[in-house]
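Inside the fold
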Amino acid sequence: MSLNTKGVNTICTHEGELKDNTYKGAVSPLYMSTSYDFLDVDSKRYPRYFNTPNQVSLSKKVAALEHAESAMIFSSGMAAISSTLLTFLKSGDHAVVQNDIYGGTRSFIESHFKNYGINYSFTKDLTVESFENCIQENTKLIYLETPSNPLLKLVDLFAVAKLAKSQNIITASDNTFASPIVQNPIDLGIDIVMHSATKYFGGHSDISAGAVASSELIMGKIWDLSKDFGGNLSDYTVWLLERSMKTLGIRVKAQQKNARKLASFLDKHSAVQSVFYPGLKSNEYHSLAKIQMKGFGAMMSFELANGYDAEMFLRALKLIKPSMSLAGVESTMLLPYKTSHSLLTESDRLSQGITNQLIRFSVGIETKSDLIHDIKQAISACNSKR
Ligand SMILES: *Cc1c(COP(=O)(O)O)cnc(C)c1O
């Protein structure tokens, strides 16, 4: 249930903004102080305590967007995710982790959990049963990420949240791919929502940041560890991120609108073997997407048919950038087998459906016909059968 009755674009533009009482400027002033008065104050302010004026201001916007009581801004998505995981997992605890998750999160779990004595199981697939099958007596947390990268598979958030609640297990979901404009996991019963704010929140491929949103109680616990880990974001970047987030709603909606059109264009194209986008009626997650999402997002992937060289295709693009990362206003594409999944063996990759023909597409705000034109010309350029 929403704690805020304002419309989403009003929240993006105004929620949490700081008033400039001295000069009556229109935007939040930037407070760069790292040193604040300690006499006669309720709480001592310091950047690493996540409580400088700009941090508090932007946290309110994030909390409102995710229908949460409280939020915190971090220096990266991984700072937000690692601080959250280590808050709720102690030596001897067990976590159930969704199989298909962001590579950095997977690496954090596989490389470091053993040093903390934390046990974990990866689910077999994304069904609720496979989450249930992994639960042990000492399971303290279930970790989710939907839609997943790069095949845009969905997890039934409501069902997993219900399962977790029945066993007193906390749930944390990475909402980066959807953004709060498209999906609010807390409304579905998920406890904690995390974001790489480097992606849609920033939206211009020039900010590294992260965010976590949850109840006051849970955020208090995350704060307690995070202030000692020190993953806070510089106030200047917090201020820039506030500016970016004013357009989050209109950006994501424009990107999503383009994505729907491009997905059906690709779906009909003879050079395209398959398209993975929950907005397509033929997609196996389409009906779940309609229930738990407010749209289908702007991320997709597709496979070129045999005879079309995927790398040559990317090199032939003139407008869309072959580029890492995602969610900027500019359209980008990448080859998962050369990037996010490059460390897997070929057979592991193929068993996960990551072929060398698979291209991930982060759809931007450019004019749709220009994007279609670029894809068409790049397809002709990479057709070895011609
Ligand atoms: C990029 C990303 C992260 C990590 O965020 P950083 O800002 O790079 O630390 C986590 N989850 C998802 C889904 C991402 O795309």
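What counts and how
- Residues numbered from 1 in each chain as written.
- Predicted model: local features only at pLDDT ≥ 70, side-chain atom pairs only at ≥ 80, totals over all residues.
- Heavy atoms only, no water.
- Phe/Tyr/Trp six-rings, centres within 6.5 Å; stacked < 30°, edge-to-face > 60°.
- Helix = DSSP H or I, 4+ residues; strand = E, 2+ residues; numbered from the N terminus.
- Patch = residues over 30% accessible without salt bridge, like charges linked within 9 Å, V, L, I, M, F, W, Y side chains within 5 Å.
- Areas by Shrake-Rupley, 256 points an atom, 1.4 Å probe, with all protein chains shown as cover.
- Salt bridge = Lys/Arg side-chain N within 4 Å of Asp/Glu carboxyl O.
- Lys, Arg positive; Asp, Glu negative; His and termini not counted.
- Charge placed at Lys NZ, Arg CZ, Asp CG, Glu CD.
- Expected span 1.5 Å × (residues − 1).
- Buried < 20%, exposed > 50% of the residue type's maximum accessible area, 1.4 Å probe, protein only.
- Contact = heavy atoms within 4.5 Å.
- Pairing = 2+ DSSP bridges.
- Axes fitted to C-alpha atoms, helices over the stretch in contact; angles between N-to-C directions.
- Left-handed = near helix turned anticlockwise from the far one by under 90°.
- Nonpolar A, V, L, I, M, F, W, Y, C, P; charged D, E, K, R; others polar.
- Domains from an automatic or database assignment.
- Buried area = accessible area lost by both parts, 1.4 Å probe.
- Polar contact = N/O pair within 3.5 Å; in protein donor to acceptor, adjacent residues only side chain to side chain.
- Near = heavy atom within 4 Å.
- 1 Å grid on protein atoms, 1.4 Å probe; cavity = no way out; pocket = protein on both sides within 12 Å on 5 of 7 lines; lining within 4 Å.
- Points joined across faces, edges and corners; volume = space filled by probe spheres on them.

Now for the packing of aromatic side chains. Evaluation of the coordinates by the stated rule reveals ten aromatic pairs. Pairing Phe50 with Phe74 gives two aromatic rings, centres 5.1 Å apart and planes at 55°, and the pair type is tilted. Placement of the pair is Phe50 in the loop between α1 (8–14) and α2 (53–65) and Phe74 in strand β1 (residues 70–74), with a sequence separation of 24 residues. One aromatic cluster is present, built from ring pairs that chain together Phe108, Phe113, Tyr120 and Phe122.

Our focus in this paragraph is a positive patch on the surface. On the surface, Lys257, Arg260, Lys261, Lys281, Lys290 and Lys368 cluster together into a positively charged patch. When residues of the positive patch are assigned to their parent elements, the largest contribution, three residues, is made by helix α9 (residues 248–268). Its location among the elements puts Arg260 in helix α9.

Taking 1.5 Å per residue, 14 residues should reach 20 Å; helix α13 (residues 368–381) reaches 20 Å between its end C-alpha atoms and fits that length. Where α13 is concerned, the buried positions are Leu371, Ile372, Asp374, Ile375, Gln377, Ala378 and Ile379. Buried residues along α13 sit against α9, α11 (310–316), β11 (332–334) and β12 (358–362).

On to the pattern of salt bridges, then. By the definition in use, this model includes nine salt bridges. The shortest N-O distance in the salt bridge between Lys124 and Asp125 comes to 3.8 Å. Owing to a relative accessible area of 71%, Lys124 belongs among the exposed residues under this scheme. Here Asp125 falls in the partly exposed class, since its relative accessible area comes to 28%. When salt bridges with common partners are traced through the structure, they connect Asp224, Lys227 and Asp228 into a single cluster.

So, on to the sheet that holds strand β10 (residues 321–322). The mixed open sheet is built from five strands, whose spatial order is β8-β9-β12-β11-β10. The strands lining the two open edges of the sheet, one partner per strand, are β8 (272–276) and β10. Judged from the five bridges that link them, strand β9 (residues 299–304) and β12 form a sheet pairing that is antiparallel. Within the sheet, the bridge partner assigned to Ser301 lies in β12 and is Arg360. Packing against the sheet, α9 makes contact with β8, β9 and β12, and its axis sits at approximately 15° to β9.

We now examine the packing of helix α3 (residues 77–88) against helix α4 (residues 103–112). The geometry of α3 relative to α4 is characterised by a closest axis approach of 10 Å and an angle of 40° between their N-to-C directions. For the element pair α3 and α4, the recorded crossing hand is right-handed. Residue-level contacts link Met78, Ile81, Ser82, Leu85 and Leu86 of α3 to Gly104, Thr105, Phe108 and Ile109 of α4. In the contact of α3 with α4, the residues fall into six nonpolar, three polar and no charged.

Pairing within the open sheet is mixed, and its seven strands lie in the order β1-β7-β6-β5-β4-β2-β3. Each end of this open sheet is capped by a strand with a single partner; those strands are β1 and β3 (119–122). Ignoring strand direction, the axes of neighbouring strands in this sheet form an average angle of 20°. As defined by bridge partners, strand β6 (residues 192–196) adjoins strand β7 (residues 210–214) across four bridges and the pair is classed as antiparallel. By the bridge assignment, Met194 is partnered in β7 with Val212. Seen against the sheet, α2 touches β1 and β7 and runs at an angle of roughly 120° to β1. Relative to β6, α3 is tilted by about 155°, and along the sheet it contacts β1, β4 (139–145), β5 (170–174), β6 and β7.

Moving on to the domain arrangement of the protein chain. Taken as a whole, the protein chain is organised into domain 1 (3–245) and domain 2 (249–382). A separation of 26 Å is found between the C-alpha centroids of domain 1 and domain 2. Every contact between the two is made by 32 residues of domain 1 and, on the other side, 36 residues of domain 2. Regarding the contact of domain 1 and domain 2, the summed buried area is about 2,800 Å², with carbon and sulfur atoms giving 60% of it. Counting across the domain 1 and domain 2 interface gives zero salt bridges. For the interface between domain 1 and domain 2, the tally reads twelve residue pairs in polar contact (both at pLDDT 80 or more). In the side of domain 1 that touches domain 2, the residues fall into 18 nonpolar, eleven polar and three charged.

Turning to the site of the ligand, a few remarks are in order. In the neighbourhood of the ligand, 13 residues make up the surrounding shell, with Met78, Asp174, Ser196, Thr198 and Lys199 lying closest. Taking Met78, its main chain carries an N or O atom lying 2.8 Å from an oxygen atom of the ligand. The element best represented in the shell around the ligand is α3, accounting for three residues. Broken down by class, the residue content of the shell around the ligand amounts to five nonpolar, five polar and three charged.

Our next topic: empty space enclosed by the protein. A water-sized probe rolled over the atoms picks out the places where empty space is left. Evaluation of the coordinates by the stated rule reveals one cavity of 30 Å³ or more. Volume-wise, the largest cavity comes out at about 30 Å³. Of the residues assigned to the lining of the largest cavity, the class counts are nine nonpolar, one polar and no charged. Looking at which domains feed residues into the lining of the largest cavity, each of domain 1 (3–245) and domain 2 (249–382) gives three or more.

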